[in-house]
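# Breakdown of the fold
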Amino acid sequence: MAWFSSVFGTLKKPKFMMKLGGAFIAYEVASLVGTYAVFHQMNTSPWFRYKIDNLAPPYGTYVVDAFYVAAERLSPEGAQRMIEQDVAFAAEVQRQQQNSPSPP
């Protein structure tokens, strides 16, 4: 084991690699926090799901549909609750659009 300590004991970690490693870890933590924040909003807010669905017509729908599939696999009752919330929210939005006066 003497050769191990003699070979690897002389190698020093460059400061650049330490900074790069720290930046990578910070990026991973920020990505994890951001992903959780979006997941929490998708899971609790029908308004946020509505905005995502209408964000970019073909792609927003794919995101929301994929979220429903994932939620259904994790908890069928939760997915059903979200769908019911979204139907009620869409009906409310449609009712507000019909009752709002159109601009001249």
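Here's a quick rundown of the structure. Owing to the predicted nature of the structure, the values given are computational and were not obtained by experimental measurement. (Residues numbered from 1 in each chain as written. Predicted model: local features only at pLDDT ≥ 70, side-chain atom pairs only at ≥ 80, totals over all residues. Heavy atoms only, no water.)

### A look at the side chain of R49
Where we set the bar: The helix and strand labels rest on DSSP assignments: H or I over at least four residues marks a helix, E over at least two residues marks a strand, and numbering proceeds from the N terminus. Pairing of N or O atoms within 3.5 Å defines a polar contact, subject to two protein rules: one partner must be a possible hydrogen donor and the other a possible acceptor, and residues neighboring in sequence count only if both atoms are side-chain atoms. Working rule for contacts: check all heavy atoms of both residues, and any pair within 4.5 Å makes them a contact.
Within the secondary structure, R49 sits in helix α3 (residues 46–53). A polar side-chain atom of R49 sits 3.1 Å from a polar atom in the side chain of Q85. Residues contacting R49, with those up to four places away along its chain left out, are M42, N43, T44, V64, F67, Y68, M82, Q85 and D86.

### Details of the pattern of salt bridges
Stated formally: Here, a salt bridge means any side-chain nitrogen of Lys or Arg that lies within 4 Å of a carboxyl oxygen of Asp or Glu. Buried means the residue's accessible area, taken with a 1.4 Å probe over protein chains only, is under 20% of the maximum for its type, while exposed means over 50%, and partly exposed covers the values in between.
Here the structure, examined in full by the defined rule, presents 2 salt bridges. In this structure, E92 and R95 form a salt bridge, with 2.5 Å as the shortest nitrogen-oxygen distance. Placement of the pair is E92 and R95 together in helix α5 (residues 76–99), with a separation of 3 residues, close to one helical turn. Take R95: its relative accessible area is 44%, and that puts it in the partly exposed class.

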